[in-house]
Amino acid sequence: LISGDRLLEDAEPLHRDGGEPLADVSLMRVDQAWASLLEDVSDGILSLGDLNEEARDDKEIVLAAVRERALELSDASLRLRGDREVVLEAVSRNGASLQY
């Protein structure tokens, strides 16, 4: 399962103490290679500079990268370097990323 931009761990509860759900859950198929790539970027194993142009233009992958290391914004696609959500995420973590 993916929550936002990260894979949920097997033991992670989907409810609060007392049984109230944290969120609605929708199941969808995700390409295993893409999920592994997202996880490796989220964990800091891979950086955007290591990836092909298609991956550097994937908003979820880029968001995962800038959440881990804001200056990764420099290696995002031109389109995503101009995306408001991506830029705000990067700048909120490191103001120096605004230069990209």
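Let me sum up the structure you'll find in this document.

Criteria and thresholds
Residues numbered from 1 in each chain as written. Predicted model: local features only at pLDDT ≥ 70, side-chain atom pairs only at ≥ 80, totals over all residues. Heavy atoms only, no water. Helix = DSSP H or I, 4+ residues; strand = E, 2+ residues; numbered from the N terminus. Contact = heavy atoms within 4.5 Å. Buried < 20%, exposed > 50% of the residue type's maximum accessible area, 1.4 Å probe, protein only. Arc of directions from axis to C-beta. Polar contact = N/O pair within 3.5 Å; in protein donor to acceptor, adjacent residues only side chain to side chain. Patch = residues over 30% accessible without salt bridge, like charges linked within 9 Å, V, L, I, M, F, W, Y side chains within 5 Å. Areas by Shrake-Rupley, 256 points an atom, 1.4 Å probe, with all protein chains shown as cover. Salt bridge = Lys/Arg side-chain N within 4 Å of Asp/Glu carboxyl O. Axes fitted to C-alpha atoms, helices over the stretch in contact; angles between N-to-C directions. Parallel < 35°, antiparallel > 145°, perpendicular 65-115°, else oblique. Left-handed = near helix turned anticlockwise from the far one by under 90°. Nonpolar A, V, L, I, M, F, W, Y, C, P; charged D, E, K, R; others polar.

A word on the environment of Glu68. Topologically, Glu68 is positioned in helix 3 (residues 59-68). Sequence separation between Glu68 and Asp43 is 25 residues; the distance between their C-alpha atoms is 7.5 Å. Excluding residues within four positions of it along the chain, Glu68 makes contact with Val41, Ser42 and Gly44.

Another point: helix 1 (residues 32-42). All buried positions along helix 1 are accounted for by Trp34, Ala35, Leu37, Leu38, Val41 and Ser42. Buried positions in helix 1, seen along its axis, are confined to an arc of 160 degrees and lie on one side of it. For helix 1, the exposed residues lying more than 90 degrees away from the buried face are Gln32 and Ala33. Taking the backbone nitrogen of Ala33 as reference, a side-chain oxygen 3.3 Å away marks Asp31 as the first, capping residue of helix 1. Downstream of helix 1 by one or two residues, Gly44 has phi in the positive range, about 80 degrees.

Glancing now at a nonpolar patch on the surface. Taken together, the side chains of Ile2, Met28 and Val30 make up a nonpolar region of the molecular surface, amounting to roughly 260 Å² of accessible area. Note on placement: Val30 falls in the loop between strand 2 (6-7) and helix 1.

Turning our attention to the packing of helix 1 against helix 3. In the contact formed by helix 1 and helix 3, the axes pass within 8 Å of each other and the chain directions differ by 15 degrees. In terms of orientation, helix 1 and helix 3 fall into the roughly parallel class. Where helix 1 crosses over helix 3, the two elements pack in a sense that is right-handed. Within the contact between the two elements, helix 1 uses Trp34, Leu37, Leu38, Val41 and Ser42 and helix 3 uses Glu60, Ile61, Ala64, Ala65 and Glu68. Grouping the constituent residues of the contact of helix 1 with helix 3 by class yields 7 nonpolar, 1 polar and 2 charged.

Attention now goes to helix 3. All of the buried residues along helix 3 are Ile61, Val62, Leu63, Ala64, Ala65 and Val66. Tucked inside the fold, the buried residues of helix 3 contact helix 1, helix 2 (53-56), helix 4 (78-81) and helix 5 (84-93).

For Ala35, the location among the structural elements is in helix 1. The buried category is assigned to Ala35, whose relative accessible area is 8%. Measuring from C-alpha to C-alpha, the distance between Ala35 and Ile2 comes to 8.9 Å, with 33 residues separating the pair along the chain. Residues in contact with Ala35, not counting those within four places in the same chain, are Leu7 and Val30.

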